[in-house]
Amino acid sequence: MKKKIIISLLLITLTFLPISAKTFSFGVKGGVTLSTLSFKGDFADNFTSDNRAGFFVGPMLNAKLPLGFNIDAAVMYARETVNYDNEQGGTSDNRNLIDVPLNLRWQVSLANVIGIYLSAGPDFSFNVGDIDNIENFIKGSLDQQGVDSSSLESQTKTLSMGVGVGAGVVLFNHLNIGFNYIIPLDYTYKYVLEDKGMEFSSKAKRWQISAAYIF
């Protein structure tokens, strides 16, 4: 249901954007990410995760709308690190992503020198890398607990969706500095033991600090 709402809002935004936008500007955006995992399922109590740093960078588009509103869209390469820990040890994996955030912003400015903004919108992350380290670690952890992991199946999706909320400052109408929190709507990793009726999943929660320059 949440995904249907986000997709509907996205389609409405894209439909009316060409009609209502005053100006389009292009820029470049980059920053750092802190990622941590939350766990759910049959083995959730066996694992922990802490914050790990990553980065993102790519081109962006800004469209000015009436009444101080803007729409920001970007297509960025992101590299994020997530980790699984338990009593026997731990492992980490680098997530290689194509991240596509689309944010509606409301901005107020003072004499075109400094402004502040609030933003919210959907975030689409496409996984373009392998996650073998985590799958092998989970198999080893289950085997140590006496659970046969030979039938473990990964059902991790290529596309993960979330909702981003944030705020920031704008300097001289060009430099944007902000922070963003991305709330996951679906699992990032999912593993299933169908013959035992067991499943285990985790979600990646992300904090981002970004800098963007609009030309």
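Read on for a plain summary of the structure.

About the thresholds
- Residues numbered from 1 in each chain as written.
- Predicted model: local features only at pLDDT ≥ 70, side-chain atom pairs only at ≥ 80, totals over all residues.
- Heavy atoms only, no water.
- Salt bridge = Lys/Arg side-chain N within 4 Å of Asp/Glu carboxyl O.
- Helix = DSSP H or I, 4+ residues; strand = E, 2+ residues; numbered from the N terminus.
- Buried < 20%, exposed > 50% of the residue type's maximum accessible area, 1.4 Å probe, protein only.
- Core = buried A, V, L, I, M, F, W, Y, C linked by side-chain atoms within 4.5 Å.
- Contact = heavy atoms within 4.5 Å.
- Pairing = 2+ DSSP bridges.

Next up on the list: the pattern of salt bridges. Under the criterion given, the structure shown has 7 salt bridges. Residue E80 is joined to R206 by a salt bridge in which the shortest nitrogen-to-oxygen separation is 3.0 Å. Linking E80 in strand β4 (residues 76-86) with R206 in strand β11 (residues 198-214), this pair joins segments that are 126 residues apart in sequence. With a relative accessible area of 0%, E80 lands in the buried category.

With 18 residues, the main nonpolar core has F47, Y84, I138 and F200 as its most contacted residues. Mapped onto this core, the elements with two or more residues apiece are β1 (23-41), β4, α2 (132-144), β10 (189-193) and β11. By size, the runner-up hydrophobic cluster in this structure holds 8 residues, among which are A74, M76, L97 and I214.

Relative to the helices and strands, S154 resides in strand β7 (residues 153-154). Among the residues examined, S154 registers a relative accessible area of 31% and is labelled partly exposed. Spatially, the C-alpha atom of S154 lies 7.6 Å from that of E135, the residues being 19 residues apart in sequence. If sequence neighbours within four positions are ignored, S154 has contacts with E135, K190 and Y191.

On to the side chain of N127, then. For N127, the location among the structural elements is in strand β6 (residues 114-127). Its relative accessible area of 16% is what places N127 among the buried residues. Beyond its immediate sequence surroundings of up to four residues, N127 is in contact with N96, L97 and T158.

Alignment of strand β3 (residues 69-74) against strand β5 (residues 89-110), held across 5 bridges, turns out to be antiparallel. In the sheet register, N70 faces β5, and the bridge partner there is R105. The pairing of β4 with β5 spans 11 bridges and is antiparallel. Counted as the bridge partner of M76 is D99 from β5. Between β4 and β5, which pair antiparallel in sequence order, lie 2 residues.

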